[in-house]
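# A look at the structure
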Amino acid sequence: MAEHTHVLFVEDDDVIREATQLALERDGFVVTAMPDGLSGLEAFRADRPDIALLDVMVPGLDGVSLCRRIRDESTVPVIMLSARADSIDVVLGLEAGADDYVTKPFDGAVLVARIRAVLRRFGHASGSASGAAVAAQEESEATGGVLRFGDLEIDTEGMEVRKDGAPVALTPTEMRLLLEFSSAPGTVLSRDKLLERVWDYGWGGDTRVVDVHVQRLRTKIGQDRIETVRGFGYKLRA
């Protein structure tokens, strides 16, 4: 998977930047490493990488603002790097459009595993469909590949979503999250289950990732479409 995969890495600490670049290159990634947000944005626009790793605290244009700029132009996967797991910067980064985050200091093997997990979600792996995508597509065969939930339409073949007939722009992570819900409407899905299915976590993860993505999805498809079931998780209202 890593062969020819282009990573944009924005980190102002010289030691971390150089060591991480070498570690990623040893795993077969092509890495463009930049020391600040403005040069990172220029590199993103020039190179169009497959994935971006953005440190939250970089000069010129901070990582959260850089993530917003990237998200305005592209659905490329973004992983934020934060020095503190409990930092508000983690939530801000996810709200800005990041798909995941890794806490510093990080183990190189853990970072590579998280990168590969994100890339699998974005179709950089074998291209095999997720269980949710298969289930949703099977469910939609009788309706010409389109699932309907009130004013919401999900085209599981074209991977398009419409609300009141107007297209809704979703990131690949948001689309996979919606497919999980639409594959079992009315069924409560726990945060841990969503982490496992959507984020490919084989271990416990921070459920804030789920909560922020659900909120982002709600703003796009309707606040009432996804219901919170306190103490259990979320479900799609059929």
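Parameters at a glance
Residues numbered from 1 in each chain as written. Predicted model: local features only at pLDDT ≥ 70, side-chain atom pairs only at ≥ 80, totals over all residues. Heavy atoms only, no water. Helix = DSSP H or I, 4+ residues; strand = E, 2+ residues; numbered from the N terminus. Buried < 20%, exposed > 50% of the residue type's maximum accessible area, 1.4 Å probe, protein only. Contact = heavy atoms within 4.5 Å. Areas by Shrake-Rupley, 256 points an atom, 1.4 Å probe, with all protein chains shown as cover. Axes fitted to C-alpha atoms, helices over the stretch in contact; angles between N-to-C directions. Parallel < 35°, antiparallel > 145°, perpendicular 65-115°, else oblique. Left-handed = near helix turned anticlockwise from the far one by under 90°. Pairing = 2+ DSSP bridges. Right-handed = clockwise from strand over helix to strand, strands pointing away. Salt bridge = Lys/Arg side-chain N within 4 Å of Asp/Glu carboxyl O. Core = buried A, V, L, I, M, F, W, Y, C linked by side-chain atoms within 4.5 Å. Arc of directions from axis to C-beta.

### Structural notes on the overall build of the chain
In terms of regular secondary structure, the chain is built from nine helices and 11 strands. Looking at the chain residue by residue over its 238 residues, the buried ones come to 48%. Considering only residue pairs separated by 6 or more positions, the chain has 59% of its internal contacts joining residues 24 or more positions apart. For the chain, the computed accessible surface area is about 10800 Å², with 49% contributed by carbon and sulfur atoms.

### So, the packing of helix H2 (residues 37-47) against helix H3 (residues 63-73)
Between H2 and H3, the shortest axis-to-axis distance is 10 Å and the interhelical angle comes to 20 degrees. Relative to H3, the element H2 is oriented roughly parallel. Here H2 runs over H3; the crossing is right-handed. Between H2, through Gly-37, Leu-41, Phe-44 and Arg-45, and H3, the contact on the second element is made entirely by Leu-66, Arg-69, Ile-70 and Glu-73.

### Some details on the sheet that holds strand S1 (residues 6-10)
Pairing between sheet strands relies on hydrogen bonds along the backbone, with the strands arranged either parallel or antiparallel. Strands sit in the order S2-S1-S3-S4-S5 across an open sheet of five strands; the sheet is parallel. The open sheet has two free edges, formed respectively by strand S2 (30-34) and strand S5 (100-103), since each of these has just one partner strand. On average, each strand axis in the sheet is tilted by 20 degrees relative to the strand beside it, whichever way the strands run. Two strands pair when backbone bridges link them, and strand S3 (residues 51-55) and strand S4 (residues 78-82) are joined in this way by four bridges, in the parallel orientation. Considered in S4, the bridge of Leu-53 is made with Ile-79.

### Things to note about the pairing of S4
The element S4 is extensively covered by neighbouring structure, given that five of its five residues are classed as buried. Remark: the S3/H3/S4 crossover connection has right-handed handedness.

### Things to note about the pattern of salt bridges
Enumeration according to the criterion identifies 19 salt bridges in this entry. Its salt-bridge partner being Glu-160, residue Arg-162 comes within 3.0 Å of it at the nearest N-O pair. Its salt-bridge partner being Arg-197, residue Glu-180 comes within 3.5 Å of it at the nearest N-O pair. Within this pair, whereas Glu-180 is found in helix H7 (residues 172-183), its partner Arg-197 is found in helix H8 (residues 191-198), the two being separated by 17 residues in sequence. Judged by relative accessible area, which is 36%, Arg-197 ranks as partly exposed. Via salt bridges that share partners, Glu-11, Asp-55 and Lys-104 belong to a single interconnected network.

### A look at the nonpolar core
If you look at the biggest cluster of nonpolar residues, it comprises 50 residues, and the most contacted ones within it are Leu-54, Met-80, Ile-154 and Phe-181. It is helix H9 (residues 208-221) that contributes the most residues to this core, six residues altogether. The contact partners of Ile-154, leaving out residues within four places of it in the chain, are Gly-145, Val-146, Leu-147, Phe-149, Glu-160, Val-161, Met-175, Leu-178, Leu-179 and Ser-182. With 16 residues, the next largest nonpolar core counts Val-31, Val-112, Val-118 and Leu-119 among its residues.

### Quick look at the sheet that holds strand S9 (residues 166-168)
Taken in spatial order, the four strands make up an open sheet running S6-S7-S8-S9, and their pairing is antiparallel. Two strands bound the open sheet, and with one partner strand each, they are strand S6 (146-149) and S9. Across the sheet, the mean angle from the axis of one strand to that of its neighbour is 25 degrees, orientation sign disregarded. Pairing of S6 with strand S7 (residues 152-155), which is carried by four bridges, proceeds in the antiparallel orientation. Residue pairing across strands places Phe-149 opposite Leu-152, the latter belonging to S7. Where H7 meets the sheet, it contacts S6, S7 and strand S8 (160-163), and its direction lies at approximately 105 degrees from that of S7.

### Description of H3
For H3, the set of buried residues is Gly-63, Val-64, Leu-66, Cys-67, Ile-70 and Arg-71. The buried side chains of H3 occupy one side of the element, clustering within an arc of 160 degrees when seen end-on. Looking at the buried side of H3, the elements it contacts are S1, H2, S3, S4 and helix H4 (88-95).

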